[in-house]
Amino acid sequence: MRLTRVYVDAPLAAGTRVILEGNAASHVTRVLRLRVGEALTLFNGAGGEYAASIEAARGGRLTVAVGEPRAVERESPLTLTLAQGVSRGERMDLVVQKATELGVSAIVPLFTERSVVRLGAQQAERKLNHWRAIAIAACEQSGRNRLPNVAPPVSLADLLRSGADREGASGSGVHNMRLLLSPGATSRIDALPRPATSVTVLIGPEGGLTNAEQEAAVAAGFLPVRLGPRVLRTETAAIAALALLQREFGDL
């Protein structure tokens, strides 16, 4: 039976105890209905995971005894960054969830000319915390022990100027590709040159990217690619592109 996995934003060490409270404790006790003495798996995003067991439950707080570490990693060999135009509500939530399950290393939410969603500073911070919580839950579900970096939202122009999507990549050339998803492109993912160790894929919001934005992306080094003859919704395109890239260069 697969053990319940819980993210803990704290150092972990065998023989210590951690306190779960709030949503984490409520999920364990009320949703999963685990009781004192039952087993958990803990991870803190730094790699590896720990055996654990519920030692006490009182007042909405759980005391969890941390057991032995397990040197388990489920990360893809492909460093994969999704630069995603921010879409409305559940669509963006779905993209963050599925991108995490599919092993992305980083998600960069983008504001573009056709973005319907506009966020002030406080709204953007709330959204960022919301997306990071979705990524944590997806790591708990999928078995990942390292959290993807969900970056604060930026404009497409800022991304292209700063090269922020290249964080963590080294070197140049075919090993580090930058792809622009475009229905009008002629190249396909399965025809891309090999090998690739780091890939950034840029996807527009519901209305897509304007011609000027696509031209700017190409000028910044992005290669246009297409998924097929049909125009996909932004959330469908993200899932399909990430799955294909992991299939071609990663571990699917």
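The structure under discussion appears in the preceding block.
These remarks concern the structure in this document. Because the structure is a prediction, the values reported are computed rather than measured.

### Let's talk about the sheet that holds strand β1 (residues 5-7)
Moving on, step 1. Strand order in the open sheet formed by 5 strands is β1-β3-β4-β5-β2, and the pairing between neighbours is mixed. Among the strands making up the open sheet, the edge pair consists of β1 and β2 (17-20). Here the strands of the sheet are splayed against their neighbours by 40° on average, with no regard to which way each runs.
Moving on, step 2. Note that β1 and strand β3 (residues 39-43) share 3 bridges and pair parallel. Looking at the pairing, Y7 lines up with F43 of β3.
Moving on, step 3. Packing of helix α1 (residues 22-31) onto the sheet brings it into contact with β1, β2, β3, β4 (49-58) and β5 (61-70), and relative to β5 it is tilted by some 90°.
Moving on, step 4. The sheet contacts of helix α3 (residues 121-142) involve β1 and β3, and relative to β1 the element is tilted by about 150°.

### What to know about the pattern of salt bridges
Moving on, step 1. One pass over the structure, following the stated rule, counts 13 salt bridges.
Moving on, step 2. Measuring nitrogen to oxygen at the nearest pair gives 3.4 Å for the salt bridge that ties E73 to R146. Of this pair, E73 sits in the loop between β5 and β6 (79-85) while R146 sits in the loop between α3 and β8 (149-150), and the two are 73 residues apart along the sequence.
Moving on, step 3. Owing to a relative accessible area of 41%, E73 belongs among the partly exposed residues under this scheme.

### Looking at the nonpolar core
As a rule of thumb, nonpolar side chains are buried together in soluble globular proteins.
Moving on, step 1. Counting 34 residues, the largest nonpolar core has L82, V199, L242 and L245 as the members making the most contacts within it.
Moving on, step 2. Broken down by secondary-structure element, the contributors of at least two residues to this core are β6, α2 (89-101), β7 (106-111), α3, β10 (176-181), β11 (198-203) and α6 (234-249).
Moving on, step 3. A total of 6 residues in this core trace back to one element, the largest contributor, which is α6.
Moving on, step 4. In contact with L82, not counting residues within four places along its chain, are V95, A99, A106, I107, V108, V201, I203, A238 and L242.

### As for the pairing of β7
Moving on, step 1. Across the 6 residues of β7, 6 count as buried, placing the element largely inside the fold.
Moving on, step 2. Of the two faces of β7, the one holding A106, V108 and L110 and the one holding I107, P109 and F111 are both buried throughout.
Moving on, step 3. Assessed by its sense of winding, the connection that carries the chain from β6 through α2 to β7 is right-handed.
Moving on, step 4. Strand direction decides the pairing type here: β7 and strand β9 (residues 154-155), joined by 2 bridges, are parallel. Each residue of the ladder has a partner; that of L110, found in β9, is V154.

### Notes on the side chain of S115
Moving on, step 1. Take S115: it is sitting in the loop between β7 and α3.
Moving on, step 2. Residue contacts for S115: discarding those within four places in its chain leaves V86, L110 and P205.

### Side note on the side chain of R144
Moving on, step 1. Here R144 is to be found in the loop between α3 and β8.
Moving on, step 2. Aside from chain neighbours lying at most four places away, what touches R144 is R5, F43, E75, A99, T100, G103, V104 and C139.

### Looking at helix α5 (residues 211-219)
Residue pairs three or four apart in sequence face the same way in an α-helix, which turns once every 3.6 residues.
Moving on, step 1. Considered for burial, the residues of α5 that qualify are E213, Q214 and A217. One face of α5 carries all of its buried residues, which in axial projection span an arc of 100°. Seen from the buried face of α5, the exposed residues on the opposite side, beyond 90 degrees, are N211, E215 and A219.
Moving on, step 2. Looking at the residues trailing α5, positive phi occurs at G221, about 105°.

Criteria and thresholds
- Residues numbered from 1 in each chain as written.
- Predicted model: local features only at pLDDT ≥ 70, side-chain atom pairs only at ≥ 80, totals over all residues.
- Heavy atoms only, no water.
- Pairing = 2+ DSSP bridges.
- Helix = DSSP H or I, 4+ residues; strand = E, 2+ residues; numbered from the N terminus.
- Axes fitted to C-alpha atoms, helices over the stretch in contact; angles between N-to-C directions.
- Contact = heavy atoms within 4.5 Å.
- Salt bridge = Lys/Arg side-chain N within 4 Å of Asp/Glu carboxyl O.
- Buried < 20%, exposed > 50% of the residue type's maximum accessible area, 1.4 Å probe, protein only.
- Core = buried A, V, L, I, M, F, W, Y, C linked by side-chain atoms within 4.5 Å.
- Right-handed = clockwise from strand over helix to strand, strands pointing away.
- Arc of directions from axis to C-beta.

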